[in-house]
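An overview of the molecular structure
Read off the chains here:
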Amino acid sequence: MNATHAEAGAGNSAPAISLRNIKVTFGGGAKAVEAIDRIDFDVADGEFITLIGHSGCGKSTLLRVIADIIQPTRGSVRVFGQSPDVARRKRAFSMVFQQSVLMPWATVLENVRLPFKVGPKAIRASGTSMDALDALRLVDLDGFADAKPTALSGGMRQRVAIARALVTRPRILLMDEPFGALDELVRDALNVELLKIWRQSDMTVVFVTHSLQEAVFLSQRVVVLSRRPSQVEGILEIDLPTKRTLGLKDDSRIGTEAARLRALLDAG
Amino acid sequence: MASLLTLWQLICAGFAIPEYLVPSPIRVVGAFREDWALLISNSVPTITEAFFGFLIGNAIAISVAIWFVYNKIFEEMYYPVAILIKTIPIVAIAPVLKIILGNGIEPKIAVAALICFFPTLVNAVRGFRAVNPNLMELMHVLSASRTEVFRFVRFYGALPYVFSAFKISVTMCVLGAIVGEWIGANKGIGYILLQSMYDFDTPRLFATILTASLIAIGGFTIVSALEKIVISWDPGESI
């Protein structure tokens, strides 16, 4: 963990994300579905926070509210004190989805360079981003720049998606069950790599998963959401060392923390 | 194929079917060899009409499809018109086009274009809309403009659909050119078809049909080869 993360974890800096009284309702009239209601919490700058909850509880919806994809029916979202719309235009955050969402017609390098090809010109040329090849190196994919995504395995594709998200050097990384479709071994390896990347940066990560073990292994804090319309059932501080290696996955402390999470989930 | 041709030959010989009714395959091949210069020279105008009809019809269809995708109201207003045009038999529209466009190559191209228009319109509209919703979310997060979304996502996403339409319309446009020639021409495959019928020259009629078929197969082969070059990914695979 670097200094930025240590400070953020202690809650000394202004929040990266602030959610106040968020409510999201889909549709109208008798068919209206209340997805989330009265969500209130802050995400500290530099923090690794995970949202967990039952299937369909609105975790992904909440992530999309932060990403300015879904407008909340009520409440206020601030990303570094700004509206999500302004933060999005300034490329304050990147997003990684459950599927890699790569353009199959483009090479790996072209996919990673997509953020430089689209969006406001001023932001593209701001000079804060990293080289696309460096981003690929960061996810151990140097040598695959000219490959087509279809030639890669699921895990490798997801690494490309992570490289594409990191290439703009976002201050916040939003991840919507990014490793949910991968097998356990690949998921474990990517968990470790993600933590390494996070430690080396000053990024804030908001991670959605429904794996208790993954949530515990990755996070500093876990936000447990109740069933629909979801509310914050509890926020759990994870009592594990900041530097986490693959060996920790089999540690009994993971099981203990996961049991605490399960108890909260069952209560919701 | 060989067995069918053999059977056809045997039936013609065995039942002594008159040549003016159905010629044997050997006679058709003979007519093909005798008249190949005539067939080739008359293929040129038909191929030209079909080619320009294909280009114009598809260009208009794709332009209209883009217009529809970005203007839902226009789609609701004009899609029924497109369907209405489609429901009118092409042989009924052809004389109208001849009156409007004259005796030259133009009405033939117009018929060929018209016959290509609808399949490409339907497929292109579907293709431009068939975008992975997550990819659209990604483009939104990247604050991509509508033009950028089109250039980087919709265009490529629509290509497999558009090529499916091209494969249909490339054979249809040959038919369109022939229909165009039927309503007034002194050259072309359509003209030779009519002349052979009037002359009761059935072997040449069959050889001309075969030529029309070969032109369509040629077009289909070219479009299929282009498709293989352009679409280098597996459109069915979700990644």
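Residues numbered from 1 in each chain as written. Chains lettered and ligands numbered in written order. Predicted model: local features only at pLDDT ≥ 70, side-chain atom pairs only at ≥ 80, totals over all residues. Heavy atoms only, no water.

1. Remarks on the overall build of chain A
For the record, the criterion: Under the DSSP-based scheme used, a helix requires at least four consecutive residues in state H or I and a strand at least two consecutive residues in state E, with every element numbered from the N terminus. Per-residue accessibility, obtained with a 1.4 Å probe over protein chains only, is compared with the maximum for each type, and a residue is labelled buried under 20%, exposed over 50%, and partly exposed between these values. What makes two residues a contact is simply this: any of their non-hydrogen atoms within 4.5 Å. Using a 1.4 Å probe, accessible areas were evaluated by the Shrake-Rupley method; residue-level cover was limited to the displayed protein chains. A residue counts as positive if it is Lys or Arg and as negative if it is Asp or Glu; His and the chain ends are not included. Here the site of a charge means atom NZ of a Lys, CZ of an Arg, CG of an Asp or CD of a Glu.
Each helix and strand counted, chain A has 11 helices and nine strands in total. Seen along its three principal axes, the alpha-carbon backbone of chain A occupies a region of about 50 × 45 × 40 Å. A total of 268 residues make up chain A; the buried ones form 55% of that total. When contacts within chain A are restricted to residue pairs at least 6 apart in sequence, long-range pairs at least 24 apart make up 72% of them. Accessible surface computed for chain A: about 10900 Å², of which carbon and sulfur atoms make up 49%. Of the side chains in chain A, 35 bear a positive and 30 a negative charge, and the two mean positions are spaced by 6 Å.

2. A word on the sheet that holds strand E2 (residues 33-44) of chain A
All names here are of chain A. Definition in use: Being paired, for any two strands, means DSSP has found at least two bridges between them. With axes taken as lines fitted to C-alpha atoms, and helix axes fitted only over the stretch in contact, angles between N-to-C directions fall between 0 and 180 degrees.
If you walk across this open sheet you meet the three strands as E2-E1-E4, and the pairing is antiparallel. Strands at the two margins of the open sheet, each flanked by one partner only, are E2 and strand E4 (74-79). Each strand of the sheet is rotated relative to its neighbour by a mean of 15°, with strand direction disregarded. In terms of strand pairing, strand E1 (residues 15-26) meets E4 through five bridges, oriented antiparallel. In the strand pairing of E4, Leu19 is matched with Val77.

3. Topic: the pattern of salt bridges
Side chains carrying opposite charge are able to pair once their charged atoms draw close together. Residue and element names in this part refer to chain A. Under the convention used in this document: For this document, the term salt bridge refers to a Lys or Arg side-chain nitrogen within 4 Å of an Asp or Glu carboxyl oxygen.
The full count for this structure, using the stated rule, is 22 salt bridges over all chains. One salt bridge connects Asp37 with Arg38, and the closest N-O pair in it is separated by 3.7 Å. Taking the relative accessible area as the measure of exposure, Asp37 reaches 9% and is therefore buried. Ionic contacts of the salt-bridge type, sharing partners, join the residues Asp68, Asp85, Arg88 and Arg89 into one network.

4. Remarks on the side chain of Asp188(A)
Residue and element names in this part refer to chain A. With respect to the helices and strands, Asp188 occurs in helix H9 (residues 184-200). Judged by relative accessible area, which is 15%, Asp188 ranks as buried. Not counting residues within four places of it along the chain, the set of residues in contact with Asp188 comprises Leu246 and Lys249.

5. Section: the state of the cysteines
The bond known as a disulfide is covalent and runs between the sulfur atoms of two cysteines. Worth spelling out the cut-off: Pairs of cysteine sulfur atoms within 2.5 Å are identified as disulfides in what follows.
Counting across every chain of the model gives zero disulfides over all chains. Free of any disulfide, Cys116(B) has its nearest cysteine sulfur in Cys173(B), 4.5 Å distant.

6. Points about the interface of chain A and chain B
Stated precisely, the cut-off is as follows: Once two parts are joined, some of their accessible surface, as seen by a 1.4 Å probe, is lost; buried area is that loss totalled over both. In the analysis that follows, any N or O atom pair within 3.5 Å is treated as a polar contact, provided that within protein one partner can donate a hydrogen and the other can accept it, and provided that, for residues neighboring in sequence, both atoms belong to side chains.
With 29 residues of chain A in contact, the opposing surface of chain B contributes 21 residues. Both sides together, the interface formed by chain A and chain B hides about 2400 Å², and carbon and sulfur atoms give 64% of it. Taken together, the links from chain A to chain B amount to one salt bridge. With a closest N to O distance of 2.7 Å, Arg64(A) and Glu137(B) form a salt bridge. Our count for the contact surface shared by chain A and chain B stands at eight residue pairs in polar contact (both at pLDDT 80 or more). Elements with a minimum of two residues in the side of chain A that touches chain B: helix H3 (84-89), strand E5 (93-96), helix H5 (114-117) and helix H8 (154-166) of chain A. Element by element, the count of residues in the side of chain A that touches chain B is highest for H5(A), at three residues.

7. Quick word on the sheet that holds E5(A)
All names here are of chain A. The six strands lie next to each other as E5-E6-E7-E3-E8-E9, forming an open sheet whose pairing is mixed. Two strands bound the open sheet, and with one partner strand each, they are E5 and strand E9 (232-237). Across the sheet, the mean angle from the axis of one strand to that of its neighbour is 15°, orientation sign disregarded. Where E5 lies against strand E6 (residues 172-176), four bridges are found, and the strand directions are parallel.

8. Overview of the environment of Thr25(A)
Considering the arrangement of structural elements, one finds Thr25(A) in strand E1. Residues Thr25(A) and Arg221(A) lie 196 residues apart in sequence; the distance between their C-alpha atoms is 27 Å.

9. Let's talk about the packing of helix H3 (residues 36-70) of chain B against helix H6 (residues 106-129) of chain B
Residue and element names in this part refer to chain B. Here is the rule: In this scheme, a crossing is called left-handed if the near helix is turned counterclockwise away from the far one by less than a right angle; it is called right-handed if the turn is clockwise. Under this grouping Gly is polar, as are all residues other than the nonpolar Ala, Val, Leu, Ile, Met, Phe, Trp, Tyr, Cys and Pro and the charged Asp, Glu, Lys and Arg.
With their axes 6 Å apart at the nearest point, H3 and H6 run at an angle of 35° to one another. Judged by the twist between their axes, the crossing of H3 over H6 is right-handed. Residues of the contact of H3 with H6, tallied by class, amount to 21 nonpolar, four polar and three charged.

10. As for a nonpolar patch on the surface
All names here are of chain B. How we decide: In this scheme, patches are assembled from residues that exceed 30% relative accessible area and form no salt bridge. Like charges are connected within 9 Å, while nonpolar side chains (Val, Leu, Ile, Met, Phe, Trp, Tyr) are connected within 5 Å.
On the surface, a cluster of nonpolar side chains totalling about 520 Å² of accessible area is made up of Ile47, Phe51, Phe52, Leu55, Ile56 and Ile60. The residue Ile60 is located in helix H3 in this model. Classification of Ile60 by relative accessible area gives partly exposed; the value is 44%.

11. A word on the domain arrangement of chain A
One widely used convention gives an interface's size as the accessible area the parts lose upon coming together. Residues and elements named next belong to chain A. As a reminder, the rule being used: Segmentation into domains, and thus their bounds, comes from an automatic or database assignment.
In terms of domains, chain A is made up of domain 1 (3-92 + 170-267) and domain 2 (99-168). The distance between the C-alpha centroids of domain 1 and domain 2 comes to 23 Å. Of the residues lining the interface, 15 residues belong to domain 1; the matching set on domain 2 comes to 17 residues. When domain 1 packs against domain 2, the two sides together hide about 1300 Å² of surface, and 65% of this comes from carbon and sulfur. There are one salt bridge connecting domain 1 and domain 2. The partner of Glu193 in a salt bridge is Arg159, with the nearest N and O atoms 3.0 Å apart. Linking domain 1 with domain 2 are four residue pairs in polar contact (both at pLDDT 80 or more), by the criterion used here. Counting only elements with at least two residues in the side of domain 1 that touches domain 2, the list comes to E6 and H9.

12. Re the confidence of the model for chain A
Put simply, the test is: pLDDT measures the predictor's confidence residue by residue and takes values from 0 up to 100.
Mean pLDDT for chain A: 86, with 93% of residues reaching 70 or above. Counting contacts from residues 1-11 of chain A, a segment whose pLDDT is below 50, to residues more than four positions away or on other chains yields 23 contacts.

13. Describing a positive patch on the surface
Positive charge collects at one region of the surface, where Arg113(A), Lys117(A), Lys121(A) and Arg151(B) lie side by side. Inspection of the secondary structure puts Lys117(A) in helix H5. Looking at Lys117(A), the relative accessible area reads 43%, which means it is partly exposed.

14. Here's the deal with the confidence of the model for chain B
All names here are of chain B. Chain-level statistics for chain B give a pLDDT mean of 90 and a share of 99% at 70 or above. The element-level mean pLDDT for chain B is lowest in helix H1 (residues 2-14), coming to 80, with H3 highest at 95. At the level of chain-chain contacts, confidence expressed as ipTM amounts to 0.88, with global pTM at 0.83.

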